[in-house]
Structures are given as C-alpha cells and as structure tokens.
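# Structural features, examined
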Amino acid sequence: MAALVLSGPVSAVNLTDCDRTTHISHGGEADHVDMGEGRVMWRDWWSQEGTSTSFALVDCAPGKALRFRSQEENMSARLPFDRTKKALAIIDRHEAGARTFATFDRMAADLEGIAKDIELTTLTAEPCACAALYPNARGDKTEFVLGG
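Starting afresh in each chain, residues are numbered from 1 along the sequence in its written order. Two thresholds apply to this predicted model, a pLDDT of at least 70 for residue-level local features and 80 or more for giving and counting side-chain atom pairs, whereas whole-chain, interface and lining totals are computed over all residues. Side-chain numbers here rest on the full set of heavy atoms in the structure, without hydrogens or water.

## What to know about the packing of helix H1 (residues 84–96) against helix H2 (residues 104–111)
Selection criterion: Axis definition: a line fitted to C-alpha atoms, limited for helices to the stretch in contact. Angles are taken between N-to-C directions and run from 0 to 180 degrees. Runs of H or I in DSSP of at least four residues are treated as helices and runs of E of at least two as strands, each being numbered from the N terminus. Any angle between 65 and 115 degrees counts as roughly perpendicular, while under 35 counts as roughly parallel, over 145 as roughly antiparallel, and the rest as oblique. Definitions for this section: a left-handed crossing has its near helix turned counterclockwise from the far helix by less than a right angle. A right-handed crossing has that turn clockwise. We call two residues contacting when some pair of their heavy atoms lies within 4.5 Å. As a working rule, the residues Ala, Val, Leu, Ile, Met, Phe, Trp, Tyr, Cys and Pro are called nonpolar, Asp, Glu, Lys and Arg charged, and the rest polar, with Gly in that last group.
Between H1 and H2, the shortest axis-to-axis distance is 10 Å and the interhelical angle comes to 150 degrees. On the basis of the axis angle, H1 is roughly antiparallel to H2. Crossing geometry of H1 relative to H2 is assigned as right-handed. Between H1, through Ala87, Ile90, Ile91, Arg93, His94 and Glu95, and H2, the contact on the second element is made entirely by Arg106, Met107, Asp110 and Leu111. For the contact of H1 with H2, the class distribution of residues is five nonpolar, one polar and four charged.

Written out as structure tokens, the structure is:
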C-alpha cells in the first residue's frame, strides 16, 4: 500500500473556500463572484451587537480595490440604512458595459449618496477570490494562503 506524503501547505484554493468566518462567529466573507476579465467581488458581513454589509470589488492583477458599505445597523452613531440593492445595481450597470468605462473611480462616484465608507485602495496581498480564480494575476502581491 502506497502512502501519499505532502510537504508544505497546499496552496490551491477553490472559490467555495473563500466563504468563511474571519472573526470568530460574528464576521466574515461570503458570496464571492467572478466578475470576469480578472475582477472579483465578495460581501463582508458583521453581526455582533450590530450588523453591517460591505462589498469589495477587486481587479486582481493590479490589486486595485473598491470597498463600500451598503447596510448598517447599530454599528455607529449613524442612522440605520440598507441600500444594498441600489448599490449592487450601480455595480451591475457599470460591469455590464465596456470594461474601459467601468472604472472604480466612476463606480465610487456613482455610489456617493448611496453607499457609505467608500474606499479606493491598492492591495499588497492577494485576496482569496483572486487566488482561486486568477492565480496567475498575483504578480508581486503576497500570496493568499487559506488558514487552518
């Protein structure tokens, strides 16, 4: 009988692995989506003494990221809001058009007044969804490794 021995961590990640709890039962990432042409999106959730829903849209190769909050209740002094449908409709409208015009700057501008905490950043670490769907787009970003 032959035995298979693995040396080192297994780095292959499936998109289903990306749906996970990241903050001991009250926060995590879910609903990862391939937006095509090297872009991914997922939902960040939080549920402890308050709730929130945020989204991250990432262009994997350059690491450009657009993050925004679409729902919040009892998380800050702000009044509760849920504008998830409106915010996702804006993203869908942009993504349905030519990628040349679907820039994160334009999406962020259209999200003003709908979403909160809108951020444009450049990632230095590879997100899980990029590792799963576009591993060749990692470049010099730190490789994503699924924790145990």
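## Regarding the state of the cysteines
To keep it simple, the criterion reads: Two cysteine sulfur atoms make up a disulfide if the distance between them is within 2.5 Å. A simple rule labels every residue: compare its accessible area, found with a 1.4 Å probe on the protein chains alone, to the largest value its type can have, and call it buried under 20%, exposed over 50%, or partly exposed in between.
Scanning the entire structure with this criterion turns up two disulfides. At a sulfur-sulfur separation of 2.0 Å, the disulfide partner of Cys60 is Cys130. Taking the sign of the torsion about the S-S bond as the criterion, the disulfide between Cys60 and Cys130, at about -85 degrees, is left-handed. With Cys60 in the loop between strand S4 (51–59) and strand S5 (64–73) and Cys130 in helix H3 (residues 128–133), this residue pair connects regions lying 70 residues apart in the sequence. Taking the relative accessible area as the measure of exposure, Cys130 reaches 2% and is therefore buried.

## Some remarks on the side chain of Ser70
Formally: We define a polar contact as two N or O atoms separated by no more than 3.5 Å, with the added condition that, inside protein, one atom must be a possible hydrogen donor and the other a possible acceptor, whereas residues neighbouring each other in sequence contribute only through side-chain atom pairs.
Within the secondary structure, Ser70 sits in strand S5. Looking at Ser70, its side chain comes within polar contact range of the side chain of Thr84, at 2.8 Å. Leaving out residues up to four positions away in the same chain, Ser70 has contacts with Thr53, Ser54, Phe55, Phe81, Asp82, Arg83, Thr84 and Ala87.

## With respect to the packing of aromatic side chains
We describe a pair of aromatic rings using the distance from one ring centre to the other and the angle between the two ring planes. To keep it simple, the criterion reads: Within 6.5 Å between ring centres, the rings of Phe, Tyr and Trp (the latter by its six-membered ring) count as paired, and their orientation is classed by plane angle as stacked under 30 degrees, edge-to-face over 60, tilted in between. Two conditions define a charge located above a ring, namely a distance within 6 Å from the ring centre to NZ of Lys or CZ of Arg, and an angle within 35 degrees of the ring normal.
Under the counting rule described, the total for this entry stands at one aromatic pair. Taking NZ or CZ as reference, Lys116 lies 5.8 Å from the ring centre of Phe81, over its face.

## Re H2
Just so we agree on the cut-off: Of all possible arcs, the one meant is that of the directions from the helix axis to the C-beta atoms.
Along H2, the positions that sit buried rather than exposed are Phe104, Met107, Ala108 and Leu111. Across the axial projection of H2, the buried residues extend over an arc of 100 degrees, all falling on one side. Following H2 by one or two positions, Gly113 has its phi on the positive side, about 85 degrees.

## Focus on the confidence of the model for the protein chain
Residues shown with low pLDDT carry predicted positions that ought not to be read at fine detail. Note the cut-off: Residue-level confidence of the predictor is summarised by pLDDT, bounded by 0 at the bottom and 100 at the top.
Averaged over every residue, the pLDDT of the protein chain is 89; residues scoring 70 or more account for 91%. Summarising per-element confidence for the protein chain, the mean pLDDT is lowest in strand S1 (residues 20–21) (79) and highest in strand S7 (residues 116–122) (98). Note on residues 1–10: pLDDT is under 50 here. Beyond four places in sequence and across chains, it has zero contacts.

## Brief notes about the environment of Arg39
Take Arg39: it is sitting in strand S3 (residues 39–47). With 20 residues separating them along the chain, Arg39 and Asp59 place their C-alpha atoms 4.4 Å apart. Excluding residues within four positions of it along the chain, Arg39 makes contact with Val33, Asp34, Val58, Asp59, Glu95, Arg99, Ala102, Thr103, Phe104, Met107 and Tyr134. Only 2.7 Å separates the side chain of Arg39 from the side chain of Glu95, close enough to count as a polar contact.

## Section: the nonpolar core
Note the following rule: Here the nonpolar core consists of buried residues drawn from Ala, Val, Leu, Ile, Met, Phe, Trp, Tyr and Cys, with membership extended through side-chain atoms lying within 4.5 Å.
Counting 16 residues, the largest nonpolar core has Met41, Leu57, Leu66, Phe68, Ile91, Met107 and Leu111 as the members making the most contacts within it. Contributing elements (two or more residues each) for this core: S4, S5, H1 and H2. The element best represented in this core is H2, accounting for four residues. The contacts of Leu57, once residues within four sequence positions are left out, are Met35, Val40, Met41, Lys64, Ala65, Leu66, Ile91, Glu95, Phe104 and Met107. Within the second largest apolar cluster, 11 residues are counted, among which are Val40, Ala56, Ala65 and Ala129.

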